[in-house]
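Structural description and commentary
One-letter residues, chain by chain:
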Amino acid sequence: MTRHHVEIRTQGPRGQVLIDGHDIARAVTSLSFKAGVGELPTLRLDLRLIDVTELGSAETQVVLGEGVPEALQALGWTPPAADQA
């Protein structure tokens, strides 16, 4: 399991959600944190998706909201090559 450094900061009306130093707050619609005795803490992030459209029986197009690609890349995601997108 990959571990990341996470900071959640409140600064007036706008906060920051930093993952490994990258602010992904504009992509986050909500978050929740759970910690229990004897359990690893869990941070759940809900990210902004704009649209999921079925193009045919074997294809689906997912349109990501502003900041979501950067948020996913901060977590280790590699975007598909341009000819696959």
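Up top is the structure.
Computed from a prediction, not measured in an experiment: that's the story for all the values here.

Analysis parameters
Residues numbered from 1 in each chain as written. Predicted model: local features only at pLDDT ≥ 70, side-chain atom pairs only at ≥ 80, totals over all residues. Heavy atoms only, no water. Patch = residues over 30% accessible without salt bridge, like charges linked within 9 Å, V, L, I, M, F, W, Y side chains within 5 Å. Areas by Shrake-Rupley, 256 points an atom, 1.4 Å probe, with all protein chains shown as cover. Salt bridge = Lys/Arg side-chain N within 4 Å of Asp/Glu carboxyl O. Helix = DSSP H or I, 4+ residues; strand = E, 2+ residues; numbered from the N terminus. Buried < 20%, exposed > 50% of the residue type's maximum accessible area, 1.4 Å probe, protein only. Core = buried A, V, L, I, M, F, W, Y, C linked by side-chain atoms within 4.5 Å. Contact = heavy atoms within 4.5 Å.

1. As for a nonpolar patch on the surface
Together, Val6, Ile8 and Leu31 give the surface a local cluster of nonpolar side chains, amounting to about 230 Å² of exposed area. By the secondary structure assignment, valine 6 is in strand E1 (residues 6-11).

2. A look at the pattern of salt bridges
If you walk through the whole model with that rule in mind, you get four salt bridges. Linking arginine 9 and glutamate 7 is a salt bridge whose minimum nitrogen-to-oxygen distance equals 2.8 Å. The closest approach of N and O atoms between arginine 44 and aspartate 46, which form a salt bridge, is 3.1 Å. Given a relative accessible area of 52%, arginine 44 falls into the exposed group.

3. Comments concerning the nonpolar core
Side chains of a nonpolar character, in soluble globular proteins, are inclined to be buried together. Counting residues in each nonpolar core, the largest one holds nine residues, listed as Val17, Ile19, Ile24, Ala25, Ala27, Val28, Val68, Ala71 and Ala74. Listed by contribution, the elements that provide at least two residues to this core are strand E2 (14-19) and helix H1 (68-74). Sorting elements by how many residues they give to this core places H1 first, with three residues. If we skip the residues at most four places from it in the chain, valine 28 touches Leu45, Asp46, Leu47 and Arg48.

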